[in-house]
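The lines below spell out each chain.
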Amino acid sequence: MTGIEAILHHNGFGMAAVGVTIVFTALVTLSLIISQLHKLLLVWEERETYINKARRMFSLLGPKEVRRAKNGEKQAKAKYIASIKESSRQFNILIQAMGEPFSLPELIRIAESLGIESPYAAVAHLIEGDLIIPDQKGFYLWNHEAYNSLSKRS
Amino acid sequence: MEMFLDFFSNTGFALADYRNLIMLGIGMLFIYLGIAKDYEPLLLVPIGFGILLGNIPVFKGLGLSIYESNSVLHYLYYGVTQGIYPPLIFMGIGAMTDFSTLLARPVLMLLGAAAQTGIFLTFLGALALGFAPNEAASIGIIGGADGPTAIFLTAKLAKELIGPIAVAAYSYMALVPVIQPPIMRLLTTRKERLIRMEEPRQVSKREKLIFPIIAVLLCCYTAPAALPLLGLLFLGNLLKEAVVTERLAQAARTSVIDTVTILLGMTVGASTQANVFLTSKSIGIFVLGAISFCIATAAGLLFAKIMNLFLKQKINPLLGAAGVSAVPDSARVVQMVGRAEDDTNFLLMHAMAPNVSGVIGSAVGAGILWSFIVG
């Protein structure tokens, strides 16, 4: 059997139409989800702000300006600690794999190759936070004590 | 003297016929194209050498031929016939692939979906030519331009066609730089080829980490039969993005994929014994495979042009050709054709988005065909 007759006999048109539709449905749905993913993540990362906004709406304590300033300060601090914690977690794994002492350019190069976000800024924060300390011989060490105490902070 | 003649009658020289010589020629051509012309050498060299191995006529009963159940080659071929190697290759591909451009511009994923139209149109064409539905599905998947997917589906639906379909799929993948450019030039104007793409946004590490999890759940819930391929593709990608599993990702993208590629290429080549391979069906498969590949390319290009009717920020329709999942060759061809018009227009990064979505699309397409035919 050949030609249209064969296609109809095996329900070819139906299979092809449904097949194309399913492929499109799967990929369109996936593209819709991932097009909104970064927005959802942004909301998640800024959750403190939104929670505080909600609190502010229902709170009656203290003058508005004072509350706003306090909230802003708290948010900035929480955000900074969260970002340091995240970076320190990633760099702790990296440095363990590299071994100590390590060179900063090498650390940044590996971090970049692994796609870690803003490695220069992250390393700068870790140095400021005394998580990465110089060994006085041109290389650097990982401050395990500081890392452990940071990890325990809520 | 009698012993000598008896021995001689069992040698390859006595057992070979003209068809073996033709296949040896094809095997050598593959090796030549791989080494001298640099066309997909990692695939064509093992396949070409496998063709040489498969076309050394052997005395039956000694367990030498790939089709004899007690032969070494037969055990190695088990990974092909049971569909084990293709998912492992997908894991390696996942561990190599950066989905950033796709995450930055998800609309380009539609081009990967559009190119899969070629699979289903060729499926209809093969049915019309008298192929059984399971064979037609295996032939259609060649249009996905994805060797492992084609082998996987054929292993599930039409084992006897693995040789010709694998050779056709890999040949066309190797010939992407030859097949695609004329179609691309024919279906686009110069003005369209000059369109520049805007810079993609920066994608966060967290997005890249979440993507494989969302993608595997969504795609495999939609088309469960795509699970072996997409499951391992996204596992490989998660290993890559997780940082903490860098060692596993490194293994997946180097030793695992390299070992499997050697075994798959060599055994697929060896399965093309002249008496199995040189048939009228194989010729039909090669012709339909080429048509499938061309339709897939054209469908991607035309869909990109249709999208441009609705988009404010136009996309370069050449990107549509990268919807076929020959990664990264079709993306490279897009870059090449784009630069031929304007050598400051860099399309490679943008073309990777439809290219990797083509991989996902063809695996979903294969899963759908598998469930239609078997279900």
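In case you missed it, the structure is sitting above this.
Quick caveat: nothing in here was measured; it's all calculated off a predicted structure.

Trainee: Help me out: how do you make sense of the side chain of Glu40 of chain B in this one?
Mentor: All names here are of chain B. Structurally, Glu40 can be placed in the loop between helix H3 (18-35) and helix H4 (41-54). Arg332 is the oppositely charged side chain nearest to the buried, salt-bridge-free Glu40, at an N-O distance of 6.8 Å. Glu40 has contacts with Met173, Ala174 and Asp329, leaving out every residue within four places of it along the chain.

Trainee: Is there a simple way to explain the nonpolar core in this structure?
Mentor: Within soluble globular proteins, side chains that are nonpolar tend to cluster in buried spots. Residues Phe211, Leu230, Phe234, Val334, Ile360 and Val364 of chain B are the most contacted members of the largest nonpolar core, which totals 122 residues. Residues Ile84, Phe91, Leu94 and Leu131 of chain A belong to the second largest nonpolar core, which totals 22 residues.

Trainee: Before we go on, may I ask you to explain the interface of chain A and chain B in this structure?
Mentor: Where interface size is given, it is often the accessible area lost as the parts come together that is meant. In this assembly, 35 residues from chain A lie in contact with 41 residues from chain B. Summing both sides of the interface, chain A and chain B together bury roughly 3,500 Å²; the carbon and sulfur share of this comes to 83%. Applying the counting criterion to the chain A and chain B interface returns 1 salt bridge. Residues Glu45 of chain A and Arg206 of chain B are paired through a salt bridge, measuring 3.7 Å at the closest nitrogen-oxygen approach. Taken together, the links from chain A to chain B amount to 3 residue pairs in polar contact (both at pLDDT 80 or more). Looking at the side of chain A that touches chain B, the elements that each hand over two or more residues are helix H1 (3-9), helix H2 (12-45) and helix H4 (64-98) of chain A.

Trainee: Please explain H3 of chain B as it appears in this structure.
Mentor: One full turn of an α-helix is made of 3.6 residues, so residues set three or four places apart face in the same direction. Residues and elements named next belong to chain B. Taking 1.5 Å per residue, 18 residues should reach 26 Å; H3 reaches 26 Å between its end C-alpha atoms and fits that length. Among the residues of H3, Asn20, Met23, Gly27, Phe30, Ile31, Leu33 and Gly34 are the ones counted as buried. In an axial view of H3, the angular spread of the buried residues amounts to 165 degrees, which keeps them on one side of the axis. Among the exposed residues of H3, those oriented more than 90 degrees off its buried face are Tyr18, Leu21 and Met28. In the core, the buried residues of H3 are packed alongside helix H2 (12-15), H4, helix H12 (162-174) and helix H18 (274-277). The N-terminus of H3 is capped by Asp17, whose side-chain oxygen sits 2.9 Å from the backbone nitrogen of Arg19.

Trainee: Could you clarify how one ought to interpret the packing of aromatic side chains in this entry?
Mentor: To describe a pair of aromatic rings, one takes the distance between the centres and the angle between the planes. All names here are of chain B. Scanning the entire structure with this criterion turns up 10 aromatic pairs over all chains. On the basis of an interplanar angle of 35 degrees and a centroid distance of 6.3 Å, the ring pair of Tyr172 and Phe293 is categorised as tilted. Residue Tyr172 is located in helix H12, and its partner Phe293 is located in helix H19 (residues 280-310); the two are separated by 121 residues in the primary sequence. Since its relative accessible area comes to 9%, Tyr172 is described here as buried.

Parameters and conventions
Residues numbered from 1 in each chain as written. Chains lettered and ligands numbered in written order. Predicted model: local features only at pLDDT ≥ 70, side-chain atom pairs only at ≥ 80, totals over all residues. Heavy atoms only, no water. Helix = DSSP H or I, 4+ residues; strand = E, 2+ residues; numbered from the N terminus. Buried < 20%, exposed > 50% of the residue type's maximum accessible area, 1.4 Å probe, protein only. Lys, Arg positive; Asp, Glu negative; His and termini not counted. Salt bridge = Lys/Arg side-chain N within 4 Å of Asp/Glu carboxyl O. Contact = heavy atoms within 4.5 Å. Core = buried A, V, L, I, M, F, W, Y, C linked by side-chain atoms within 4.5 Å. Buried area = accessible area lost by both parts, 1.4 Å probe. Polar contact = N/O pair within 3.5 Å; in protein donor to acceptor, adjacent residues only side chain to side chain. Expected span 1.5 Å × (residues − 1). Arc of directions from axis to C-beta. Phe/Tyr/Trp six-rings, centres within 6.5 Å; stacked < 30°, edge-to-face > 60°.

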